[in-house]
Amino acid sequence: MIKITDLEKVYRTDLIETVAINKMSFEVRQGEFVAIMGPSGCGKSTLLNILGLLDDCDGGSFIFNGQEIAHFNEQKRAMLRKKNIGFVFQSFNLIDELTVYENVELPLIYNNIKPADRKIMVEETLEKMQIMHRKSHFPQQLSGGQQQRVAVARAVVNKPKLILADEPTGNLDSHNGNEVMDMLTSLNEAGTTIIMVTHSEHDAKFSHRIIRMLDGEKITENILRELDYIP
Ligand code: ADP
Ligand code: ADP
């Protein structure tokens, strides 16, 4: 599904150049759950932003679903992103002025889904994430665990092929963290590819494979379990 080869990203200001991604290469197969680990500043967020088509790269190749997209402009990236990718962040990033229901409905509005279909898709997803009983609440009225379940619902309501998660349990206690990891695992078992940045060795164990980074480079890849089937 994803193949990057010699990927490079350099941040330039007047005085300094920072090589954030230094000729990195790896593949992610459809249906895989991959964890990315490494110390602060090693380039994890930069990598996730590129994989999520939020940012461009400065060199190398990036194949997404069989298509070379390294040179796509922002408009083409946005189109591909809206259709294929859901994001989960450490800080939930819900919109405080919208209810749970409205937050989860938003990606469907962006994708021009008809209102009647939207209702079915939102309610089905809220049920699956066990947060239906809070659909009229606002984010600030929910516990952290509940907010992250809403954020996962928003990420998956559009049935994306790929979920990118950046420290999804970073702001949660271990109980709520495990609940979110269980949800990501069951989404993965249902066929969604997941790439997750984490500092937590515990969370990384839910994945098929751990990619470890240092100074913008991949240093190791450990396979934890084989992919059971190719969806
Ligand atoms: P991580 O997510 O692993 O902490 P980042 O991807 O945020 O690492 O950062 C990788 C490197 O790129 C760091 O040295 C960081 O300081 C630098 N960097 C990140 N974003 C920018 C930016 N917008 N401008 C300049 N340098 C940046
Ligand atoms: P958890 O045990 O999942 O961490 P909390 O103890 O934080 O949950 O909250 C218990 C219940 O109270 C939750 O169902 C949540 O929706 C509700 N709740 C928490 N904070 C607020 C709030 N500020 N306003 C309204 N309801 C709240």
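- The chain is annotated in an unreviewed UniProt entry as ABC transporter ATP-binding protein of Arachidicoccus ginsenosidivorans.
- Regarding the chain, the relevant UniProt record gives this comment under Sequence similarities (unreviewed entry): "Belongs to the ABC transporter superfamily. Macrolide exporter (TC 3.A.1.122) family."

Observations concerning the packing of aromatic side chains
Phase 1: For the structure shown, the criterion picks out two aromatic pairs.
Phase 2: An angle of 90° between the planes, with centres 6.3 Å apart, marks the rings of F62 and F64 as edge-to-face.
Phase 3: Residue classification places F62 among the buried positions, given a relative accessible area of 2%.
Phase 4: For F64, a relative accessible area of 1% translates into the label buried.
Phase 5: The interplanar angle of 5° and the centroid separation of 6.0 Å between the aromatic rings of F87 and F89 together place this pair among those described as stacked.

Here's the deal with the site of ligand 1
Phase 1: For ligand 1, the full set of nearby residues is Y11, T18, A20, P39, S40, G41, C42, G43, K44, S45 and T46.
Phase 2: Within the backbone of G41, a nitrogen or oxygen atom sits 2.7 Å from an oxygen atom of ligand 1.
Phase 3: Within the side chain of K44, one N or O atom sits 2.9 Å away from an oxygen atom of ligand 1.
Phase 4: Contact with the protein chains hides 59% of the accessible area of ligand 1, taken as 560 Å² for the molecule alone.
Phase 5: Every element with two or more residues in the shell around ligand 1 is listed here: β2 (17-28) and α1 (44-51).
Phase 6: Looking at which element gives the most residues to the shell around ligand 1, the answer is α1, with three residues.

Looking at the state of the cysteines
Disulfides are covalent bonds that connect the sulfur atoms of two cysteines.
Phase 1: One pass over the full model with this rule turns up zero disulfides.
Phase 2: Free cysteine: C57, not disulfide-bonded; nearest cysteine sulfur from C42 at 18 Å.

Considerations on the environment of T220
Phase 1: Considering the arrangement of structural elements, one finds T220 in strand β10 (residues 217-223).
Phase 2: A relative accessible area of 33% means that T220 is categorised as partly exposed.
Phase 3: As a C-alpha pair, T220 and M37 span 183 residues in sequence and 10.0 Å in three-dimensional space.
Phase 4: Leave out the neighbours within four places in its chain, and T220 touches I210, I211 and R212.

Overview of the packing of helix α5 (residues 144-156) against helix α6 (residues 174-189)
Phase 1: With their axes 9 Å apart at the nearest point, α5 and α6 run at an angle of 15° to one another. With respect to α6, the axis of α5 lies roughly parallel. Relative to α6, the crossing made by α5 is right-handed. Within the contact between the two elements, α5 uses G145, Q148, R149, V152 and V156 and α6 uses N176, E179, V180, M183 and L187.
Phase 2: Its residues assigned to classes, the contact of α5 with α6 shows five nonpolar, three polar and two charged.

Points about the site of ligand 2
Phase 1: Within the structure, ligand 2 sits among R134, Q140, Q141, S143, Q146 and N176.
Phase 2: A distance of 2.9 Å separates an oxygen atom of ligand 2 from a polar atom in the side chain of Q146.
Phase 3: Burial of ligand 2 by the surrounding chains reaches 41%, relative to a free accessible area of 550 Å².

Notes on unusual backbone geometry
Phase 1: Although it is not a glycine, L53 adopts a positive phi angle of roughly 60°.
Phase 2: Along the chain, L53 turns up in the loop between α1 and β4 (59-64).
Phase 3: L53 sits in the buried class, given a relative accessible area of 1%.

Examining the sheet that holds β4
Phase 1: Spatial strand order, β2-β1-β4-β5: four strands in an open sheet with antiparallel pairing. Unpaired on one side and paired on the other, β2 and β5 (67-68) mark the two borders of the sheet.
Phase 2: For β4 and β5, the ladder comprises two bridges, and the chain directions are antiparallel. Bridging across to β5, F64 finds its partner in Q67.
Phase 3: The sheet contacts of α1 involve β1 (2-12), β2 and β4, and relative to β1 the element is tilted by about 120°.

What about α5?
Phase 1: Taking 1.5 Å per residue, 13 residues should reach 18 Å; α5 reaches 18 Å between its end C-alpha atoms and fits that length.
Phase 2: Where burial is concerned, most of α5 is hidden: 12 out of the 13 residues are buried.
Phase 3: Burial in α5 covers these residues: G145, Q146, Q147, Q148, R149, V150, A151, V152, A153, R154, A155 and V156.
Phase 4: Contacts made by the buried residues of α5 are with β6 (85-89), α3 (100-110), α4 (115-128), β7 (162-166) and α6.

The rules behind the values
- Residues numbered from 1 in each chain as written.
- Chains lettered and ligands numbered in written order.
- Predicted model: local features only at pLDDT ≥ 70, side-chain atom pairs only at ≥ 80, totals over all residues.
- Heavy atoms only, no water.
- UniProt positions renumbered as here; feature names shortened; annotations may be inferred.
- Phe/Tyr/Trp six-rings, centres within 6.5 Å; stacked < 30°, edge-to-face > 60°.
- Buried < 20%, exposed > 50% of the residue type's maximum accessible area, 1.4 Å probe, protein only.
- Near = heavy atom within 4 Å.
- Polar contact = N/O pair within 3.5 Å; in protein donor to acceptor, adjacent residues only side chain to side chain.
- Areas by Shrake-Rupley, 256 points an atom, 1.4 Å probe, with all protein chains shown as cover.
- Helix = DSSP H or I, 4+ residues; strand = E, 2+ residues; numbered from the N terminus.
- Disulfide = S-S within 2.5 Å.
- Contact = heavy atoms within 4.5 Å.
- Axes fitted to C-alpha atoms, helices over the stretch in contact; angles between N-to-C directions.
- Parallel < 35°, antiparallel > 145°, perpendicular 65-115°, else oblique.
- Left-handed = near helix turned anticlockwise from the far one by under 90°.
- Nonpolar A, V, L, I, M, F, W, Y, C, P; charged D, E, K, R; others polar.
- Pairing = 2+ DSSP bridges.
- Expected span 1.5 Å × (residues − 1).

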